[in-house]
Amino acid sequence: MEEAVVKQGWLFLQLQQTFGKKWKKFWAVLYRESPCSTARLELQEGPERPRKAEGGRRLVRLSDCVHVAEAGGDASCPKETVPFLLETTERRFLLAADGAEAAEWIQRLCELAFPHQREFCGVERP
């Protein structure tokens, strides 16, 4: 049974390292909830679907999400990207998307993480 992909594309994730922070590029796939799986964001090394035994994949269950919003001007984020924060009950993820894509990523994440809240959701409007 094929799962419902809502959005996919490249995202940057800020990783904490011994000597500071580093941005790493991941292929991101956003899945809608289905009868056999939860809504989630998967980050993997590339667009090819990894086999179950392979590592290099990060999973964020959107049911654990408590906050999604644009992060404001982080000077250290990759060029021509917009940073945004995805916060769960366990962890905070600082992500960045191409400037033209960031608002849609935030909107889609909010729709899946907070399905009963249709008002304003995390995107700064001029």
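First, a word on what this report is: a plain description of the structure on this page.

### As for the nonpolar core
Grouped together as the largest cluster of nonpolar side chains are 26 residues, with contacts concentrated most on Leu41 and Leu86. Of all elements in the fold, only β1 (5-17), β2 (20-31), β3 (40-44), β5 (65-70), β6 (81-88), β7 (92-98) and α1 (102-113) reach the threshold of two or more residues within this core. It is α1 that contributes the most residues to this core, 7 residues altogether. Residues within four places of leucine 41 in sequence aside, it is in contact with Ala28, Val29, Leu30, Arg58, Leu59, Val60, Leu62, Leu86, Leu95, Trp105 and Leu109.

### Let's talk about the packing of aromatic side chains
According to the stated counting rule, one finds 1 aromatic pair in the structure shown. Geometry around tyrosine 31 places arginine 40 over its ring, the cationic atom sitting 4.1 Å from the centre.

Conventions adopted
Residues numbered from 1 in each chain as written. Predicted model: local features only at pLDDT ≥ 70, side-chain atom pairs only at ≥ 80, totals over all residues. Heavy atoms only, no water. Core = buried A, V, L, I, M, F, W, Y, C linked by side-chain atoms within 4.5 Å. Buried < 20%, exposed > 50% of the residue type's maximum accessible area, 1.4 Å probe, protein only. Helix = DSSP H or I, 4+ residues; strand = E, 2+ residues; numbered from the N terminus. Contact = heavy atoms within 4.5 Å. Phe/Tyr/Trp six-rings, centres within 6.5 Å; stacked < 30°, edge-to-face > 60°. Lys NZ or Arg CZ within 6 Å of the ring centre and 35° of its normal.

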